[in-house]
Amino acid sequence: MLNSSSPYAFKSDQPWNSRKSPVSLSVQGWLTASILAITRFATAQEALQNFMADDASAEARNSRLDSQPYTIRTGDFRLLVASSLGLDWNDNVNTTRENTEEDFILKPMAHFTASHPISRQNILTFNIGVGYDHYFNHDNYGGFRLQSGSEISLDISVKDFRVNLHDRFQYTQDPASQSSVANTARYGGFDNRAGLTVTWDLQDVLFSLGYDHQNFSSLSREFEYLDRAAELLVARAGFRVHPTLVLGAEGSGAFTGYDQKLLNDSASYSGGVYGDWHPGLKFKVQPRFGYVLYDFDQTSRSVQAVDQDSWYADLTASHQFSDVMSYSFSVGHELRLGIQSDSVEAWYFRPSFTWNLIKNLSLNMYLAYEHGKQGTSNQNAVSDETYDWFGG
C-alpha cells in the first residue's frame, strides 16, 4: 500500500490541525473499509453507527464459507494471512499552527482472519491486524497498532433469531484522526467494545437489539482525562415495503463516565427513521434522520455542564458501476462528544473511490471535509470554537 497525504485544517482562534487520510494501493481490496475507519467517542449516534458497521460485518461473515479465501485449512478451520505495506506523508506531524514539521511514515501490517464453524449455523471468527508505524525523522512517535475492526466474534442462529457475541478492539496513535485535536503528535489509545446483538428476522419485518460495554484508555498522559467507560444500547425495527426497500425506526442510548473530572459525564439519547434501498445488486442507498440530545452531569471541575440537543441526518451510498471501479460517500450532520469540550456539532462529507487495477491490487482514494463548532473547552476556557477540517 502506498499512501500520500497533504492535510490542512483551518480553525478560528486555535492552532490548525493536520488530517491524513490514505490514498492507497492495497494488496487486499477487502481491507480498505477497516483501514479507513476513524475512531470516535461512544455516543448515542456512535452506537447506531457501530451497529450498522456490525451488520455489514455479519453479512460478510455469513457468506458461504466455501467461497472465502484462506492460506491454511485444516478440516473446517480456515486461516487467511495477508500483509500490507503503507507509506504516508504528513506535512504537520505535530498538528501545530507554526513551525510545522513533516515526515514520512512507513506502515507494515500483518492481517490474520480465522473462522471455524462450531455447527452448521454457529460460526466462531477471529480477525486482527497488527502493524507498526515507523517515522523516519521522529523515531519517538513510532509505535505498534491494532487495526480498527479487529475482533473475536461468535454467530449463533436459532430458527428466526440470530445472536452475535463479540469483542472488538483497536489500538492506534493518530492525532489527525480527530478534527478537534491540535498541538500534539501522540493522540490515541486502546479502545475495546464487548457485547451482543440479537436480530429477529421475519422476512418482511426485522427487529434488532444491541448492547455494548466500551472502555477507552489513552496512550499518553496528556489525554488521560479522556479515559472512560460507556454503556451503549441500540434498537431498530425495519419493515420491507418493497423487495428493494426497507423503512424503519431506530433509537439508541449511551451513558458515558470519565475516570478523571475534566469533562462532564453524560447520558445521550437519539431517535429517528431510516431507509435501506437496494435498487440493484451493486447499488445501495441508506438515508437516516432523527434527533439526539445530551444530558450532561456537572462532574467537571472546570467545564460548565450545558445540555445539548440537535437533529442528525446522514445519507450513505455505495455503487460499483463496473467490474473494476466503485465509489461511496457519506454526507450529514451530527452532534457528538468532544475531546477538549463536552460536545461538537458538525457537518461532514466523506467520498471515496476504488479502482481495482489488477487482481489483488487496488487504488483507493479518500477525501474528507468537516465544518464544526465545539463548546467551552477545559483548555484556557476557549468557548464556541468554529473550525473547517480538510483531508485527502
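Reading guide: rules and limits
- Residues numbered from 1 in each chain as written.
- Predicted model: local features only at pLDDT ≥ 70, side-chain atom pairs only at ≥ 80, totals over all residues.
- Heavy atoms only, no water.
- Helix = DSSP H or I, 4+ residues; strand = E, 2+ residues; numbered from the N terminus.
- Buried < 20%, exposed > 50% of the residue type's maximum accessible area, 1.4 Å probe, protein only.
- Areas by Shrake-Rupley, 256 points an atom, 1.4 Å probe, with all protein chains shown as cover.
- Polar contact = N/O pair within 3.5 Å; in protein donor to acceptor, adjacent residues only side chain to side chain.
- Contact = heavy atoms within 4.5 Å.
- Patch = residues over 30% accessible without salt bridge, like charges linked within 9 Å, V, L, I, M, F, W, Y side chains within 5 Å.
- Salt bridge = Lys/Arg side-chain N within 4 Å of Asp/Glu carboxyl O.
- Core = buried A, V, L, I, M, F, W, Y, C linked by side-chain atoms within 4.5 Å.

**Topic: the overall build of the protein**
Broken down by element type, the protein carries 2 helices and 20 strands. Residues counted as buried form 49% of the 392 residues belonging to the protein. Accessible area of the protein: about 18500 Å², with a carbon and sulfur share of 59%.

**Description of the side chain of Arg145**
Considering the arrangement of structural elements, one finds Arg145 in strand S7 (residues 143-158). With a relative accessible area of 16%, Arg145 lands in the buried category. A polar contact of 2.6 Å, which involves the side chain of Arg145, links it to the side chain of Asp133. With sequence-adjacent residues up to four places away left out, Arg145 is seen in contact with Lys107, Met109, Gly129, Val130, Gly131, Asp133, Tyr171 and Thr172.

**Section: unusual backbone geometry**
Although it is not a glycine, Thr95 sits at a positive phi angle of roughly 50°. With respect to the helices and strands, the residue Thr95 is situated in the loop between strand S4 (77-90) and strand S5 (103-117). Even without being a glycine, Asn99 presents a positive backbone phi close to 50°. Among the structural elements, Asn99 can be located in the loop between S4 and S5.

**Quick notes on a nonpolar patch on the surface**
Together, Val158, Phe161, Trp200, Leu202, Phe207, Phe239, Val241 and Leu247 line one region of the surface with nonpolar side chains, adding up to about 690 Å² of accessible area. Tracing the chain through its elements places Val158 in strand S7.

**Considering the nonpolar core**
In this structure, Tyr187, Phe223, Tyr225, Leu226, Leu263, Tyr294 and Ile339 are the most contacted members of the largest nonpolar core, which totals 23 residues. When contributions to this core are tallied by element, the ones reaching two or more residues are helix H2 (44-61), strand S11 (228-242), strand S12 (245-258), strand S14 (283-296) and strand S16 (325-337). Core analysis: the next-biggest nonpolar cluster, separate from the first, contains 5 residues, Ile105, Tyr135, Tyr141 and Ala185 among them.

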